[in-house]
Amino acid sequence: MRIRKELFADERDDDLRLVGRPVRRQDIEGHVTGRSTFFADHPVSGLLHLRCVRSTEHHARIRSIDTTAAERVPGVRRILRWADLPKKAHNILTIFNFGIDDEPALADGKVRYLGEPIVAVLAENPRAAAEAVAKVRVDYDPLPAVFDVEEALKPGAPLVNEYIGRNWFRYWGDYDCQQIRFGDVEAALRSADLVVSGRYQMSPIEHAPLETNGCIVVPAEDGRFTVYTCTQGLFFSLDNTAAQLKIESNRLHFIGGTVGGGFGGKVDTVVEPLAVLAAMLTGRPVRYVFSRAEEMQVSSPRGAERIYIEDGVMRDGRIVARKIIHYHDAGAYSRLSTYGTIKSAAHHPGPYYIPNVWVDSWCVFTNRTPSSAMRGFGVTGGDFALESHMDVVARAIGMDPMEFRIVNAYRDGDMKAHRKLTQGAALIECVQVAAELAGWPLSEEARRASSRVGGGGERARIPPTPQSRTRAPAAAGRGEPLRAGVGEARRGMTPPPSWTGGQPATAPAAAEPGRREPPLRESERREPPSEPPRSGSGHGAIRFSSVFGSRRR
C-alpha cells in the first residue's frame, strides 16, 4: 500500500506508523482460541428466563389480554404488563433533552408494528417461558396501517404514534423537517443549462450479528444490579435503563466490552430495562436474549430512505443548484432516527462547492419495525444517492465522472452550505490517486488541479438566501419536480407544490407524554390534521457539531 505523504505534509504531525501495516488486535487471541467471555458466558445460578408475547398485527387496538392459561404453565413465576412499567414511555435521546418520550417498553393498549412486545413472561427455564408465551391470548381490533413514507404524509393517513401526534418529527419546535437553505435555488435552477433529477431508494437492512441482543441481570443484597450485556454503548445503555426505571444510575453496574457483532444494532437499550425491572420485581437473576427470529424481525434495522435530487448544472460542468427531499423511515418510534435525519441533512450537499442548496430531510413514522443506527446511518444513504446522481449528471452533460467531481470539489476557503469555511479539503487529490491506481485517464488540467487552489474569494461568500418555509409535502399530485425517473434531464422544472394551512396535533406535554389512564380507546385516538402543518418562518439552517450541540443559525 502506497502512502502519499507528500500531499498535505505540512498539515500532518504523524508518521503514519500503523496505516498499511499488519497490527495484532488486542482481543484476537481470545477470539481464535474461544476464551473470550461474552455476556452469556457468565455462570449465574437461579436464573429466570424472560420471553415476550409479540404483536401479530402491524397496527391494532388491544381489546383484551388473557394470561390465565400461561400462568398455569409449570415454572412460570410472573407476567409483566404495561402497568408494571415505572415510566410508561421512553426515548433513548431524551436523556440528552432531545426528542419526545414516545415508545412504551410493553404495549400501552395499542400495537404499532408487527412484533411489538405486549407482555413479558418470566419462567424457570426457556421451555416453560416459550410454552407460556404460546398460551397468552390477545384480542385485537385491527387499525389501518401505513408502510410508505410518502403515504404516511398524506392528509388522512393513519396516525402511527399518538405520543408524537403526527406522522413526522418536528425539529427544534418549529420545523417539520431538518432544513438547509443556502442561496436562491429556484433562480439558479431557472438559469442552469440543464436540470437533472433522480429518485433513489434505500431498503431496510438488518444487522444480523452472530450474537443476538441480550443480557443477564443479577440483583445484589444492597439493592444494586449487575448487568452483563452486549450493548455497544455501555454508559449510554446504563443511563437509559436508569431513566426508564426511574432509579439512580449508581444502582446499576453494567459489564460489557465483548460484543458478538453490533454494527449499530446494539445501542437501542431494549433488553436491559425489561430484564432489570424483572429482577427488581422478583429478586431473582434474569436472562433476556432475543431468539434469531426476534433478532431478524424486531431488532432495529437501518431505516429505509427515499431521496429525490434535482441538480442545476452548467455546460462547463459546474453544479449551480442542488435541491433535495429526503424521507427517512423511522418505523413506529423515534429511537435514533431523529438524529440520523439531522446527519443526512448535514451531509447532503456532499463534498462539493454548490452556491445554492435547498434540503428538506424528513423523519417519518410508519407501521414498520422501528429503525435506528447502522454504520453511518443518515450518511450512507445520502452518499449512495449523491454519488449515484453525480454519475447520472456527468453522463447527462457528456463529461467524465472523475473530472466532473474534480470540477465541483471543495477547495480550501470555500463556504459550505452549513455556513462554515472549508479547511483541509482533499477530494481532488483522492480522485487523482484513485484514477491513477485504476488506470483511469484524466486530462492534464484535472491532473494539475489542487484542493489548495481556486477556493475562497467569491466562493467564500454567503449568498443572499430568500426566506422560505416548508410544509408537509403531498406525495400524490405533487407535480413533476423531484418525481422524475433516475437520470431524467429536463429544463424549466418548477418547484413542487406545498400543502398549506392546518395546524398539527400538539404532542402531549405531560411528564410521561401521550399517556392516558386507562389505555387509549378508539374514540380518544389523536387524528392527524386535515392538512399537514406549516413550519415556522425562517430558513432554519443548522450549524452541525452533533445532534446535541447543534443550534439554529
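Visitor: Please clarify how the overall build of the protein chain should be interpreted in this entry.
Guide: Counting its regular elements, the protein chain contains 13 helices and 18 strands. Counting every position in the protein chain, which comprises 553 residues, the buried fraction comes to 55%. Within the protein chain, contacts between residues separated by at least 24 positions form 80% of all contacts whose residues are at least 6 apart in sequence. Here the protein chain displays about 23,400 Å² of accessible surface, and carbon together with sulfur accounts for 51% of that area.

Visitor: What is the right way to read the nonpolar core from this model?
Guide: Among soluble globular proteins, nonpolar side chains are generally buried collectively. Within the largest apolar cluster, 69 residues are counted, with the highest numbers of intra-cluster contacts made by Leu 50, Val 217, Leu 252, Val 286, Tyr 288, Tyr 327 and Trp 362. Both domains that meet at this core, namely domain 1 (41-143 + 207-297) and domain 2 (150-205 + 303-401), each give it at least three residues. Once residues within four sequence positions are removed from consideration, Val 217 is found in contact with Phe 225, Thr 226, Val 227, Ala 275, Val 276, Ala 279, Arg 284, Pro 285 and Val 286. Counting residues in hydrophobic clusters, the runner-up holds 25 residues, among them Ile 180, Ile 324, Tyr 352 and Met 390.

Visitor: I keep staring at the packing of helix 10 (residues 380-396) against helix 11 (residues 401-408) and nothing clicks. Help me out?
Guide: Two numbers describe a pair of packed helices, the interaxial angle and the distance between the axes. With their axes 9 Å apart at the nearest point, helix 10 and helix 11 run at an angle of 105 degrees to one another. Viewed along their axes, helix 10 and helix 11 adopt a mutual orientation that is roughly perpendicular. Seen from helix 10, the contacting residues are Glu 387, Met 390, Asp 391, Val 393 and Ala 394; seen from helix 11, they are Pro 401, Phe 404 and Arg 405.

Visitor: I'm lost on the packing of aromatic side chains in this one. Help?
Guide: Each aromatic ring pair is specified by the distance between its two centres and by the angle formed by the two planes. Under the defined criterion, the tally for this structure stands at 10 aromatic pairs. With a centroid separation of 5.9 Å and 40 degrees between ring planes, the pair formed by Phe 98 and Phe 169 is classed as tilted. Taken as a pair, Phe 98 in the loop between strand 3 (76-80) and strand 4 (110-111) and Phe 169 in the loop between helix 4 (149-152) and strand 7 (178-182) lie far apart in primary sequence, 71 residues in all. Ring centres of Tyr 308 and Tyr 327 lie 6.3 Å apart, and the angle between their planes is 85 degrees; on these two criteria the pair is classed as edge-to-face. Within this pair, whereas Tyr 308 is found in strand 13 (residues 305-313), its partner Tyr 327 is found in strand 14 (residues 319-331), the two being separated by 19 residues in sequence. Residues Tyr 308 and Tyr 327 agree in their burial class; the two are buried. The structure contains a cluster of three or more aromatic residues connected by ring pairs, namely Phe 98, Phe 169, Tyr 171 and Trp 172.

Visitor: Looking at this structure, how should I read helix 12 (residues 427-438)?
Guide: Since the α-helix advances by 3.6 residues per turn, residues separated by three or four positions end up pointing in the same direction. Taking 1.5 Å per residue as the helical rise, helix 12 with its 12 residues ought to reach 16 Å, and the 16 Å between its terminal C-alpha atoms agrees with that figure. Three or more residues of helix 12 are buried, namely Ile 428, Glu 429, Val 431, Gln 432, Val 433 and Ala 435. Of the surrounding secondary structure, the elements contacted by the buried residues of helix 12 are helix 11 and helix 13 (444-448). Of the residues trailing helix 12, Gly 439 is marked for its positive phi of about 70 degrees.

Visitor: Could you clarify how one ought to interpret empty space enclosed by the protein in this entry?
Guide: Regions of empty space are outlined by a rolling probe, equal in size to a water molecule, passed over the atoms. For the coordinates displayed, the defined rule picks out 4 cavities of 30 Å³ or more. Its volume calculated, the largest cavity comes out at about 280 Å³. Among the residues forming the lining of the largest cavity, the class breakdown is 11 nonpolar, 4 polar and 5 charged. By volume, the second largest cavity is sized at about 130 Å³. Around the second largest cavity sit 18 residues that line it, and Asn 213, Gly 265, Lys 266, Thr 269 and Val 270 are the ones nearest its centre. Along the lines of polarity and charge, the residues of the lining of the second largest cavity split into 6 nonpolar, 8 polar and 4 charged.

Visitor: Help me understand the sheet that holds strand 11 (residues 252-255), please; the structure alone is not making it clear to me.
Guide: Strands belonging to one sheet form pairs held by backbone hydrogen bonds; the direction of such a pair is parallel or antiparallel. Spatial strand order, 3-5-1-12-9-10-11: 7 strands in an open sheet with mixed pairing. The open sheet terminates on both sides in strands that have one partner only, identified here as strand 3 and strand 11. Adjacent strand axes in the sheet meet at a mean angle of 25 degrees when their direction is disregarded. Two strands pair when backbone bridges link them, and strand 3 and strand 5 (residues 117-123) are joined in this way by 4 bridges, in the antiparallel orientation.

Visitor: Explanation requested: the side chain of Ser 450 in the structure shown.
Guide: Along the polypeptide, Ser 450 turns up in the loop between helix 13 and strand 16 (488-490). Residues within four places of Ser 450 in sequence aside, it is in contact with Arg 411, Ile 428 and Glu 429.

Visitor: Explain the sheet that holds strand 4 here, please?
Guide: Read from one edge of the open sheet, 3 strands run 4-2-6, paired in antiparallel fashion. A single partner strand is all that each edge strand has here, and the edge strands are strand 4 and strand 6 (137-142). Bridge analysis of strand 2 (residues 60-66) against strand 4 gives 2 bridges, and the strand direction is antiparallel. By the bridge assignment for strand 4, Arg 61 is matched with Lys 110.

Visitor: Teacher, can you tell me more about unusual backbone geometry here?
Guide: Keep in mind that most residues, glycine aside, have a negative phi and that most peptide bonds are trans. The phi dihedral of Phe 263 is positive, around 65 degrees, even though this residue is not glycine. With respect to the element layout, Phe 263 can be found in the loop between strand 11 and helix 7 (271-282). The phi torsion at Arg 419 lies on the positive side, around 65 degrees, for a residue other than glycine. Structurally, Arg 419 is set in the loop between helix 11 and helix 12.

Visitor: Help me understand the pairing of strand 11, please; the structure alone is not making it clear to me.
Guide: Put simply, side chains in a regular strand alternate between the two faces of the sheet. Only one face of strand 11 is covered, namely the one carrying Leu 252 and Phe 254; the face carrying His 253 and Ile 255 has none of its residues buried. In terms of strand pairing, strand 10 (residues 225-229) meets strand 11 through 4 bridges, oriented parallel. Within strand 11, the position partnered with Val 227 by the bridge is Phe 254. Considered for its hand, the β-α-β crossover made up of strand 10, helix 6 (residues 234-245) and strand 11 is right-handed.

Visitor: Help me understand the confidence of the model for the protein chain in this model?
Guide: Caution applies to low-pLDDT regions: their predicted coordinates should not be interpreted in detail. For the protein chain, per-residue confidence averages 85 on the pLDDT scale, and 82% of positions sit at 70 or higher. Low pLDDT (under 50) marks residues 474-553, which in the prediction has 229 contacts with non-local residues, meaning those over four places away or in another chain.

Visitor: Please clarify how the environment of His 348 should be interpreted in this entry.
Guide: Looking at the secondary structure, you find His 348 in the loop between helix 9 (337-347) and strand 15 (357-365). With a relative accessible area of 0%, His 348 lands in the buried category. The residues touching His 348, leaving out its near neighbours within four places in the chain, are Ile 307, Arg 322, Ile 324, His 326, Val 359, Ser 361, Gly 382 and Leu 386.

Cut-offs and rules
Residues numbered from 1 in each chain as written. Predicted model: local features only at pLDDT ≥ 70, side-chain atom pairs only at ≥ 80, totals over all residues. Heavy atoms only, no water. Helix = DSSP H or I, 4+ residues; strand = E, 2+ residues; numbered from the N terminus. Buried < 20%, exposed > 50% of the residue type's maximum accessible area, 1.4 Å probe, protein only. Contact = heavy atoms within 4.5 Å. Areas by Shrake-Rupley, 256 points an atom, 1.4 Å probe, with all protein chains shown as cover. Core = buried A, V, L, I, M, F, W, Y, C linked by side-chain atoms within 4.5 Å. Domains from an automatic or database assignment. Axes fitted to C-alpha atoms, helices over the stretch in contact; angles between N-to-C directions. Parallel < 35°, antiparallel > 145°, perpendicular 65-115°, else oblique. Phe/Tyr/Trp six-rings, centres within 6.5 Å; stacked < 30°, edge-to-face > 60°. Expected span 1.5 Å × (residues − 1). 1 Å grid on protein atoms, 1.4 Å probe; cavity = no way out; pocket = protein on both sides within 12 Å on 5 of 7 lines; lining within 4 Å. Points joined across faces, edges and corners; volume = space filled by probe spheres on them. Nonpolar A, V, L, I, M, F, W, Y, C, P; charged D, E, K, R; others polar. Pairing = 2+ DSSP bridges. Right-handed = clockwise from strand over helix to strand, strands pointing away. pLDDT = per-residue confidence, 0-100.

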